[in-house]
Amino acid sequence: MNATSPYTRQAAWQLLAEYTQSPSLRKHALSVETCVRAYGECEADALGLAGDDRAAFVEKYAITALLHDFDYERFPSLDDHPFAGNKVLTELGWPEEIRTAILSHASYSGVPRVSHLEKALFACDELAGFLTACSLVKPTKSIFDVDVTGVRKKMKDKAFARGVHREDIVNGAAELGVDLDEHIAFCLKAMQRNAGELGLAGAATR
Ligand SMILES: [Fe+2]
Ligand SMILES: [Fe+2]
């Protein structure tokens with residue numbers, strides 16, 4: 001997004017807030033954004049981007065993550081999500097690269113994950129939710145009390161956070177080409193850096 005584009009992170013947040021009232025769904029969007037943005041920063045550095053180019057590249061990652069489930073509250077069925085949202089985004093003129101990446105996070109959409117952005121979104125989607133769940137069962141409700149070993153243990157506990165698809169976490173890391181433990185540690189660190197906004201800084205500071 002260049003400086004004059006209306007398709008900014010701020011506009012994405014406004015669209016999300018318009019469609020999504022649930023605080024936990026908004027937090028989900030923010031937590032996935034946090035992880036995907038961090039991968040965007042790494043990729044931008046790997047590509048040697050700097051200045052405005054780097055900022056625009058990273059913002060694209062942030063926007064895609066922020067909007068990936070923006071239609072879910074209104075259109076939760078597999079027939080509608082994320083297709084209904086894609087229609088809205090198309091009508092509003094959001095860039096195709098972002099829309100395609102959003103479609104690709106739903107494996108049943110038939111849109112393959114090809115780009116680094118698409119792979120990063122899929123890899124972070126379920127994991128961000130799982131790391132949030134791991135934080136909220138701590139007495140402190142703090143993400144600073146979560147570690148990789150504990151996360152791996154909880155992944156084996158089928159009764160814990162049943163809604164989170166473990167195989168998507170495992171496959172997502174593999175598709176992205178990162179070791180699972182490193183992926184968990186990377187996302188954990190990114191979410192810890194943004195713990196305040198995510199409401200996971202600990203009971204005393206929430
Ligand atoms: Fe989704
Ligand atoms: Fe999601």
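One numbering rule holds for all chains: residues counted from 1, following each sequence as written. Chain letters start at A and ligand numbers start at 1, both assigned in the order the entries are written. In keeping with the model being predicted, local features are shown solely for residues with a pLDDT of at least 70 and side-chain atom pairs are shown and tallied solely at 80 or more, while totals for entire chains, interfaces and linings include all residues. Working from all heavy atoms in the structure, the side-chain values ignore hydrogens and water.

Draft legend 1. How the structure looks around the packing of aromatic side chains. Within 6.5 Å between ring centres, the rings of Phe, Tyr and Trp (the latter by its six-membered ring) count as paired, and their orientation is classed by plane angle as stacked under 30 degrees, edge-to-face over 60, tilted in between. According to the stated counting rule, one finds six aromatic pairs in the structure shown. An angle of 70° between the planes, with centres 5.0 Å apart, marks the rings of Tyr 19 and Phe 70 as edge-to-face. In this pair, Tyr 19 is assigned in helix 1 (residues 9–19) and Phe 70 in the loop between helix 3 (51–67) and helix 4 (83–92), connecting sequence segments 51 residues apart. When the ring of Phe 130 is compared with that of Phe 160, the centres are 5.5 Å apart and the planes differ by 85°; the resulting orientation is edge-to-face. With Phe 130 in helix 6 (residues 116–136) and Phe 160 in the loop between helix 7 (148–156) and helix 8 (166–176), this residue pair connects regions lying 30 residues apart in the sequence. For the pair Phe 130 and Phe 160, a shared accessibility class is recorded, and that class is buried. The criterion is that NZ of a Lys, or CZ of an Arg, lies within 6 Å of the ring centre and within 35 degrees of the ring normal, and then a charge sits over that ring. The aromatic ring of Phe 122 is capped on one face by Arg 113, whose charged end is 3.5 Å from the ring centroid. Secondary structure counts use DSSP, requiring at least four H or I residues in a row for a helix and at least two E residues in a row for a strand, with both numbered from the N terminus. Working definition: with a 1.4 Å probe on protein chains only, accessible area under 20% of the residue-type maximum means buried, over 50% means exposed, and in between means partly exposed.

Draft legend 2. Spotlight on helix 5 (residues 96–104). Along helix 5, the residues that are buried comprise Ile 98, Arg 99, Ala 101, Ile 102, Leu 103 and Ser 104. The contact criterion used throughout is that any non-hydrogen atoms of two residues lie within 4.5 Å. Elements that come into contact with the buried residues of helix 5 comprise helix 3, helix 4 and helix 6.

Draft legend 3. Geometry of the nonpolar core. As used in this record, nonpolar core signifies buried Ala, Val, Leu, Ile, Met, Phe, Trp, Tyr and Cys residues forming a set joined through side-chain atoms within 4.5 Å. Counting 55 residues, the largest nonpolar core has Leu 67 and Trp 94 as its most contacted members. Among the elements that take part in this core, helix 6 stands out by supplying eleven residues, more than any other. Apart from the residues lying within four places of it in its own chain, the contact partners of Trp 94 are Tyr 7, Thr 8, Ala 11, Ala 12, Leu 15, Ile 63, Leu 67, Leu 89 and Arg 99.

Draft legend 4. Spatial organisation of the coordination of the iron ion (ligand 1). Listed donor atoms are N, O and S within 2.8 Å of the metal (Na, K and Ca: 3.2 Å). As water is not included, a site may look incomplete. The protein atoms donating to the iron ion (ligand 1) are Asp 69 (OD), His 81 (NE2) and His 105 (NE2), with metal-donor distances spanning 2.1 to 2.3 Å. Look at where the donors of the iron ion (ligand 1) fall in the sequence and you get D-x11-H-x23-H. The distance between the iron ion (ligand 1) and the iron ion (ligand 2) comes to 4.1 Å, and Asp 69 binds to both of them. Residue Asp 69 is located in the loop between helix 3 and helix 4, and its partner His 81 is located in the loop between helix 3 and helix 4; the two are separated by twelve residues in the primary sequence. Across the pair, exposure class does not vary: Asp 69 and His 81 are buried alike.

Draft legend 5. Spotlight on the coordination of the iron ion (ligand 2). Distances from the iron ion (ligand 2) to its protein donors, His 28 (NE2), His 68 (NE2), Asp 69 (OD) and Asp 125 (OD), fall at 2.1 to 2.2 Å. Only two sets of limits are used to name each site, 85 to 135 degrees for every angle of a tetrahedral four-donor site, and over 155 degrees for opposite donors with all other angles from 65 to 115 for a square planar four-donor or octahedral six-donor site, with any other site named irregular. The coordination sphere of the iron ion (ligand 2) comprises four donor atoms, whose angles at the metal cover 85 to 178°; the geometry is irregular. Between consecutive donors of the iron ion (ligand 2), the numbers of intervening residues give the motif H-x39-H-D-x55-D. Of the residues examined, Asp 125 reaches a relative accessible area of 8% and is grouped as buried.

Draft legend 6. Region of interest: helix 6. The span you would expect from a helix comes to 1.5 Å times its residue count less one. Taking 1.5 Å per residue, 21 residues should reach 30 Å; helix 6 reaches 30 Å between its end C-alpha atoms and fits that length. Note on bend: at a given residue it equals the angle between the axes fitted to the 7 residues ending there and to the 7 starting there. Along helix 6, the sharpest kink reaches roughly 30°, centred on Cys 124. Extensive coverage of helix 6 is indicated by the burial of 16 of its 21 residues.

Draft legend 7. Layout of the environment of Gly 48. Note on placement: Gly 48 falls in the loop between helix 2 (23–46) and helix 3. The class of Gly 48 is exposed, set by a relative accessible area of 58%. Linking Gly 48 and Asp 80, residues 32 residues apart in sequence, is a C-alpha distance of 38 Å.

Draft legend 8. Representation of the packing of helix 5 against helix 6 in the model. The convention used is that axes are lines fitted to C-alpha atoms, helices contributing only their stretch in contact, and that angles between N-to-C directions extend from 0 to 180 degrees. The N-to-C vectors of helix 5 and helix 6 enclose an angle of 40°; their axes lie 9 Å apart at closest approach. Judged by the angle between their axes, helix 5 and helix 6 are oblique. Where helix 5 crosses over helix 6, the handedness of that crossing is right-handed. Residue-level inspection shows Thr 100, Ala 101, Ile 102 and Ser 104 of helix 5 in contact with helix 6, the latter providing Leu 117, Glu 118 and Leu 121. Gly falls in the polar group here, along with every residue not listed as nonpolar (Ala, Val, Leu, Ile, Met, Phe, Trp, Tyr, Cys, Pro) or charged (Asp, Glu, Lys, Arg). Classifying every residue of the contact of helix 5 with helix 6 by side-chain character gives four nonpolar, two polar and one charged. Oblique is the label for any angle not under 35 degrees, not over 145, and not in the 65 to 115 range, which are roughly parallel, roughly antiparallel and roughly perpendicular in turn. Each crossing gets its handedness from the near helix: less than a right angle anticlockwise from the far helix is left-handed, clockwise is right-handed.

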